[in-house]
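Below, each chain spelled out in residue letters.
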Amino acid sequence: MLRILTIMMITLTGFLAWSEYSAYGQTYIDAEAYEDGFAVLGDDGDIHLYDKDSRHISSIRPEGMSNARYMCTVGDAVVIADKTSMSCFLDGKWIGMPIPGDIAITGIEDFYGGVIAISEEGMLLFWSSPFDNARTVSAGIRGRFRDIDSFGDRCYAVTDSSEVVTADLALRTHVFDFNSCYSDYYGEADIVSVAAGSTSVCIAAIRKDGSPAAFISSGGDVWSERSMDYLDGESRMMFDRKPYCVTYREYDDCYVMLCEEGTLFHLPACSHCNYPIFTGSGEMTSMAFNGNSYLLAGEGIY
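Owing to the predicted nature of the structure, the values given are computational and were not obtained by experimental measurement.

Asks: What am I meant to see in the overall build of the chain here?
Replies: A count of helices and strands for the chain gives two helices and 28 strands. At 20 Å, the chain has a C-alpha radius of gyration in line with the 19 Å of a compact globule built from 302 residues. Viewed in the frame of its principal axes, the chain has a C-alpha envelope of about 70 × 50 × 30 Å. Every one of the 302 residues in the chain was classed for burial, and the buried ones make up 53%. Considering only contacts within the chain whose residues lie at least 6 apart along the sequence, 43% involve residues at least 24 apart.

The following block contains the structure:
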């Protein structure tokens, strides 16, 4: 009886937490570590701030932008963008960051104290501060950008043609065609996301048969396949859920793929130590880590 009561209490606690965090009745687009907690971009264009335990603190309404779709955090600043405009929230004020020409933004990322963006036109744009004009360069890609990430002075982006673009602070770019070089070894891979780590970079992909895949490189040209197997008790299992994105967790040097049904698949430095966490959170499409805390965003907040 005590065991049944305990299970009921745990279940009820989880339900109440989920109900509270999902009270906005909306979809959440992006999540980033911010100060001691997290910043989450809602589909209403507002920025919602959460603590490390995923408890809602406050919300910020952007000025002059009602349809923000991209977000990154840089120190104590939050930067948001839609396709044609970008703004920085710093010291309680909004600062406009002009986008040159007719460029359409499709993603932003913090990069060495500034902001780097990808565009529909295959351009990279870099603002060293919210008060500076952007520097731009054509990445020379065939496909369209899908994702971008950075660590230190290294930046990586991936395209829907399975290209991996490497960029440095001078915006010198190098394009690597993954499938042209590796399809004979690994089969064709549809790259969906990229994460930059302290000494490596990881791409998450989907194979033609719909199964997940991950590849890791020290610099973006030579890639090793990461097995999708894991140990469940004494049984060796094969992970089979499609990834939405991959993120680097710095404190324990681990890549984490966010997959279908809110499942987290961990790829630690030990190549035989993979493990999944089945959160039961529903469909989540973005995640962020802050130390050993994490937040998932999508159909709700977890």
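Asks: How should the pattern of salt bridges be read in this particular structure?
Replies: Side-chain pairs of opposite charge can arise whenever the charged atoms involved come near each other. Evaluated as defined, the whole model comprises 13 salt bridges. A salt bridge links Asp 252 to Arg 249; the shortest N-O distance between them is 2.7 Å. The class for Asp 252 is partly exposed, based on a relative accessible area of 29%. Here the salt bridges share partners, and the residues they tie into one network are Asp 51, Asp 53 and Arg 55.

Asks: Could you clarify how one ought to interpret the sheet that holds strand 24 (residues 254-259) in this entry?
Replies: In spatial order, the strands read 23-24-25-26; together these four strands make up an open sheet with antiparallel pairing. Edge positions in the sheet fall to strand 23 (243-249) and strand 26 (275-278), since each has one partner strand and no second. Geometrically, the sheet is characterised by an average inter-axis angle of 20 degrees between neighbouring strands, direction not taken into account.

Asks: I would appreciate a short explanation of a negative patch on the surface in the present structure.
Replies: Together, Glu 35, Asp 36, Asp 76 and Asp 91 make up a region of like negative charge exposed at the surface. Along the chain, the position of Asp 91 falls in the loop between strand 7 (86-90) and strand 8 (93-96). Among the residues examined, Asp 91 registers a relative accessible area of 67% and is labelled exposed.

Asks: What's the story with the packing of aromatic side chains in this structure? I'm lost.
Replies: Remark: the centre distance and the inter-plane angle together describe each pair of aromatic rings, the angle taken between the planes. Under the definition given, this model contains 15 aromatic pairs. Aromatic side chains Phe 178 and Tyr 186 sit 6.5 Å apart centroid to centroid with 20 degrees between the ring planes, which places their arrangement in the stacked category. Their ring planes at 55 degrees and their centres at 4.8 Å tell us that Phe 178 and Phe 215 sit as a pair that is tilted. Highlighted residues: Phe 178 in helix 2 (residues 178-186) and Phe 215 in strand 19 (residues 212-217), separated in sequence by 37 residues.

Asks: Would you mind going over the pairing of strand 20 (residues 223-226) with me for this structure?
Replies: In regular strands, side chains alternate between the two faces of the sheet. Bridge count between strand 19 and strand 20: four bridges; the pairing is antiparallel. In the sheet register, Ser 217 faces strand 20, and the bridge partner there is Trp 223. Joining the antiparallel neighbours strand 19 and strand 20 is a turn of five residues, in which Gly 220 adopts a positive phi near 105 degrees.

Asks: What is the right way to look at the nonpolar core in this model?
Replies: Across soluble globular proteins, nonpolar side chains have a tendency to be buried as a group. Counting 21 residues, the largest nonpolar core has Val 79, Met 86, Ile 105, Ile 108, Val 115, Leu 125 and Trp 127 as its most contacted members. Among the secondary structure elements, those contributing two or more residues to this core are strand 5 (70-74), strand 6 (77-81), strand 7, strand 9 (105-111), strand 10 (114-119) and strand 11 (123-127). Residues within four places of Met 86 in sequence aside, it is in contact with Met 65, Val 79, Ile 80, Ala 81, Ile 95, Gly 96, Met 97, Ile 99, Ile 108, Val 115, Ala 117 and Trp 127. In terms of nonpolar packing, the next biggest core, distinct from the first, is built from 17 residues, Val 164, Tyr 182, Tyr 186 and Ala 205 among them.

Asks: Explain the state of the cysteines to me, please; I cannot follow it from the model alone.
Replies: This model, assessed by the stated rule, comprises one disulfide. Disulfide pairing is shown between Cys 270 and Cys 273; the S-S distance is 2.1 Å. What sets the handedness of the Cys 270 and Cys 273 disulfide is the S-S torsion sign, and at about 60 degrees it is right-handed. Accessibility expressed as a relative area gives 35% for Cys 273, which makes it partly exposed. With no disulfide of its own, Cys 181 lies 18 Å from the sulfur of Cys 202, the closest cysteine sulfur. Of the cysteine sulfurs around Cys 245, a residue in no disulfide, the closest is that of Cys 259, at 8.4 Å.

Analysis parameters
- Residues numbered from 1 in each chain as written.
- Predicted model: local features only at pLDDT ≥ 70, side-chain atom pairs only at ≥ 80, totals over all residues.
- Heavy atoms only, no water.
- Helix = DSSP H or I, 4+ residues; strand = E, 2+ residues; numbered from the N terminus.
- Rg over C-alpha atoms; globule rule 2.2 N^0.38 Å.
- Buried < 20%, exposed > 50% of the residue type's maximum accessible area, 1.4 Å probe, protein only.
- Contact = heavy atoms within 4.5 Å.
- Salt bridge = Lys/Arg side-chain N within 4 Å of Asp/Glu carboxyl O.
- Pairing = 2+ DSSP bridges.
- Axes fitted to C-alpha atoms, helices over the stretch in contact; angles between N-to-C directions.
- Patch = residues over 30% accessible without salt bridge, like charges linked within 9 Å, V, L, I, M, F, W, Y side chains within 5 Å.
- Areas by Shrake-Rupley, 256 points an atom, 1.4 Å probe, with all protein chains shown as cover.
- Lys, Arg positive; Asp, Glu negative; His and termini not counted.
- Charge placed at Lys NZ, Arg CZ, Asp CG, Glu CD.
- Phe/Tyr/Trp six-rings, centres within 6.5 Å; stacked < 30°, edge-to-face > 60°.
- Core = buried A, V, L, I, M, F, W, Y, C linked by side-chain atoms within 4.5 Å.
- Disulfide = S-S within 2.5 Å.

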